[in-house]
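For reference, the chains in residue letters:
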Amino acid sequence: MKNNLFNIPANYPFVDALATSLLAETADAPLALSNYQILLPTRRACRALQEAFLRYSKGSTVILPKLTPLGDLESDELEFEALGSGQDLSDIDLDPPTSALTRQFLLCQLIMKLPVDSGGANEIDSALDLAGELAQLLDQVETEGLDWANLDKLIDDDQQNYQAHWQKILQFLTIVADSWPKIEASLGTLGPATRRRMLLEQQRLAWERSENNAPVIIAGSTGSIPAVANLIKTIAQLPNGRIVLPGLEQHHSEERWGIISDDPSHPQFGLSKLLQFLECDPKQVSTWPLDDSLRRADKRRGLFLSAAMLPAIETSYWKEAIQPDEKEKTKASLSAVELIECAQPEEEAGVIAMILRQALEKPNQTAALITPDRDLARRTAAILERWQIPVDDSAGQPLSNTKVGTFMRLIAWAAAEAFSPSRLLALIKHPLVQLKIGDQSVKYLIRLLELQSLRGSRPSPGLKALQSKLSKDKDQELVAFLETLEDLAQPFTSALSKGSQLFELLTAHLKLAEALCAPEDHDDHPLWRGDDGNALNAFFSELLQTTEATGQGLGAITSASYPTLLENMMQKQTVRPNFGTHPRLAIWGTIEGRLQQADVLVLGG
């Protein structure tokens, strides 16, 4: 097996090293590259490798290998001759995945039936939030291929003092241990994590039975998902199967590897567990064929950082990590590394944004922020956006934070709070609001409304109270504006005030949103434009379909719950731009950062 295991050191750009080596390997037979099957952790990694192949092909025509993301494997990909294994998998008949919204609604109903002292919730927004967390727990258990059979044996003798607390937790978890499997069986669906695990297992079995000798490579994966680790083990045993690991530190002693494998916080923990599973010593892993021109840093920098990341029990090694005659060379290798300490998150985001912006001043220079902190990523992207530099964030942003998502939330809060002055102004100042009365634009009417009605004592709730402060003779346009707004909002505010089913509220909400931002002469509705508009359209389409089928069990939704409930669901929908971002800037998560490279890298958070 050891001849099939390779490593690309951390001081080489991963996808570039992979692409250049495979191009050199197939230089005498360019068409041979199309027979290769390469599996990578994510779709973005597949795109990065595709770009690397095109970059290093030097303008010549290249027929790319089959690139498959392990994280998004679909059954139709498997059915196409099992990803190059030559096995016919047309008989695969897996149930469809459970819709995320359907699962959240059904779990929410189960939570609301539980007593509060057993972890249940009376309020729909709290129950829906709990349902989202419970769904994540379900995915984790399904990903690991575990079941809930021994749930009641989690309490040992040392935890008897917490018996009552544990009993409440166990009672709450009966939702997923007992009730949920029966519901999923009645729906005829599978959990998304379960379905992915089964697809990976089908693929593994197909390769195990395969007599096809086409090259198969798994690159950049640490096998953190058990089903992927099994797949890696099978491919490592194929005649033309190869595993390419990212940044394995092979200089550690056997004793230190034992300590690392017991420390989940160590960066090499996942790789150590994978090598244990493959029954392979780290020193047996071969180095991938490398082009030295790709090397980005002296290996001494890697050794220094490796020592810095040692588990606490091993920090005594620091004294001998750098030999006296190596100190100056190590210092030189770190000359391009700078540490910046910031007092608060806003300052950190500002500094990072300035570094990324400064990188653009050099022609063709690329720059990227690598961070696990989503708040930091969003703050940095927002600062760059102010400078009109749209940046590609690999994790995207929640639908609730986009332009159209904010607009929908503002409508919900304004209607729920009877158009209080602050909520009303926030809504009608949103750029999507395009109402006109006569020849006057909404901007003029907003200024007039602030002067005439919203200064002085706070008016009573409702749009009628604002109208009562106006003179119909002097402020005709403003009165007409408020009357128009009240007529448009009446179906939605009425549904909220009496407490209605979610489907009814969503329908009224959408009609009001379309009316507020769609002039009569517009064929292309501004609410549904762009990436965020498309995401909003898909979200509401699925939400309406789901609520019509399963939303009745949620009961009547009040005005106090609806805005929070909607925001909760929108926050779980991710929007990623398809185009229009800066070609030389990016924000990556830790997986993306492991596989890709830029001229200027910032580690934040």
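Residues numbered from 1 in each chain as written. Predicted model: local features only at pLDDT ≥ 70, side-chain atom pairs only at ≥ 80, totals over all residues. Heavy atoms only, no water.

Caption draft 1: Spatial organisation of the sheet that holds strand S7 (residues 367-370). Taken together, four strands build an open sheet; the order of strands is S8-S11-S7-S12 and the sheet is parallel. Strand pairing shows two members of the sheet lacking a second neighbour, strand S8 (392-393) and strand S12 (600-603), which therefore form its edges. Bridging between S7 and strand S11 (residues 585-588) involves four bridges; their strand directions are parallel. Bridged to Ala368 within S11 is Ala586. (Pairing = 2+ DSSP bridges. Helix = DSSP H or I, 4+ residues; strand = E, 2+ residues; numbered from the N terminus.)

Caption draft 2: Summary view of the packing of helix H17 (residues 403-416) against helix H21 (residues 476-498). Where H17 contacts H21, the two axes come as close as 9 Å, and the packing angle between them is 60°. Both H17 and H21 take part in a crossing whose hand is right-handed. In this structure, H17 contributes Ile411, Ala412, Ala415 and Ala416 to the contact, and H21 contributes Phe492, Thr493 and Leu496. In the contact of H17 with H21, the residues fall into six nonpolar, one polar and no charged. (Axes fitted to C-alpha atoms, helices over the stretch in contact; angles between N-to-C directions. Left-handed = near helix turned anticlockwise from the far one by under 90°. Contact = heavy atoms within 4.5 Å. Nonpolar A, V, L, I, M, F, W, Y, C, P; charged D, E, K, R; others polar.)

Caption draft 3: Layout of H17. For H17, spanning 14 residues, the distance from its first C-alpha to its last is 20 Å, which sits close to the expected 20 Å at 1.5 Å a residue. Where burial is concerned, most of H17 is hidden: 11 out of the 14 residues are buried. Among the residues of H17, those classed as buried are Val404, Gly405, Phe407, Met408, Arg409, Leu410, Ile411, Ala412, Ala414, Ala415 and Ala416. The secondary structure elements touched by the buried residues of H17 are helix H18 (421-428), H21, helix H22 (502-517), helix H23 (530-550) and helix H24 (562-571). One or two residues past the end of H17 sits Ala418, with phi positive at roughly 55°. (Expected span 1.5 Å × (residues − 1). Buried < 20%, exposed > 50% of the residue type's maximum accessible area, 1.4 Å probe, protein only.)

Caption draft 4: Structural view of the pairing of strand S4 (residues 216-219). Burial along S4 is two-sided: Val216 and Ile218 facing one way and Ile217 and Ala219 facing the other are all buried. Bridge count for S4 against strand S5 (residues 241-246) is four bridges, and the pairing is parallel. Paired with Ile217 across the two strands is Arg242, which belongs to S5. Considered for its hand, the β-α-β crossover made up of S4, helix H9 (residues 226-236) and S5 is right-handed. (Right-handed = clockwise from strand over helix to strand, strands pointing away.)

Caption draft 5: Layout of unusual backbone geometry. In the Ramachandran plot, Glu279 falls in the positive-phi region, its phi being about 55° despite a non-glycine side chain. By the secondary structure assignment, Glu279 is in the loop between helix H11 (269-277) and strand S6 (286-287). Even without glycine at this site, Asn364 takes up a positive phi of about 70°. Tracing the backbone through its elements, the reader meets Asn364 in the loop between helix H15 (345-359) and S7.

Caption draft 6: View of the confidence of the model for the protein chain. Model confidence for the protein chain is summarised by a mean pLDDT of 86, while 92% of its residues fall at 70 or above. Between residues 75-81, whose pLDDT stays under 50, and residues either more than four places distant or in other chains, the model counts 16 contacts. (pLDDT = per-residue confidence, 0-100.)

Caption draft 7: Looking closely at the pattern of salt bridges. Counted under the stated rule, the structure contains 17 salt bridges. The closest approach of N and O atoms between Arg204 and Glu201, which form a salt bridge, is 2.7 Å. Placement of the pair is Arg204 and Glu201 together in helix H8 (residues 192-209), with a separation of three residues, close to one helical turn. Assessed through its relative accessible area of 29%, Glu201 is described here as partly exposed. Glu486 is paired through a salt bridge with Lys464; the nearest N and O atoms lie 3.5 Å apart. (Salt bridge = Lys/Arg side-chain N within 4 Å of Asp/Glu carboxyl O.)

Caption draft 8: Summary view of the pairing of strand S3 (residues 66-69). As paired elements, strand S2 (residues 37-40) and S3 share four bridges and run parallel to each other. Counterpart to Leu39 in the pairing with S3 is Thr68. For the crossover from S2 across helix H2 (residues 43-56) to S3, the handedness is right-handed.

Caption draft 9: Focus on the nonpolar core. In this structure, Leu107, Phe407 and Tyr562 are the most contacted members of the largest nonpolar core, which totals 85 residues. In contact with Phe407, other than residues within four places in its own chain, are Leu427, His430, Leu432, Val433, Ala513, Leu516, Cys517 and Leu527. (Core = buried A, V, L, I, M, F, W, Y, C linked by side-chain atoms within 4.5 Å.)

Caption draft 10: Up close: the sheet that holds S3. Pairing is parallel in the open sheet, where six strands are placed in the order S3-S2-S4-S5-S1-S6. Strand pairing shows two members of the sheet lacking a second neighbour, S3 and S6, which therefore form its edges.

Caption draft 11: The arrangement of the packing of aromatic side chains in detail. What the rule picks out here adds up to three aromatic pairs. Consider the rings of Phe492 and Tyr562, whose centres lie 5.8 Å apart with planes at 75°: the pair is edge-to-face. With a gap of 70 residues between them, Phe492 in helix H21 and Tyr562 in helix H24 connect regions that are remote in the sequence. When sorted by exposure, Phe492 lands in the same class as Tyr562, which is buried. Judged by centre distance (5.4 Å) and plane angle (80°), the ring pair of Phe539 and Phe540 falls under edge-to-face. For Phe539, a relative accessible area of 2% puts it in the buried group. Overall, Phe540 belongs to the buried group, its relative accessible area being 2%. Between the NZ or CZ atom of Lys233 and the centre of the ring of Phe277, over which it lies, the distance is 4.8 Å. Taking the ring centre of Trp387 as reference, the NZ or CZ of Arg357 above it sits at 4.6 Å. (Phe/Tyr/Trp six-rings, centres within 6.5 Å; stacked < 30°, edge-to-face > 60°. Lys NZ or Arg CZ within 6 Å of the ring centre and 35° of its normal.)

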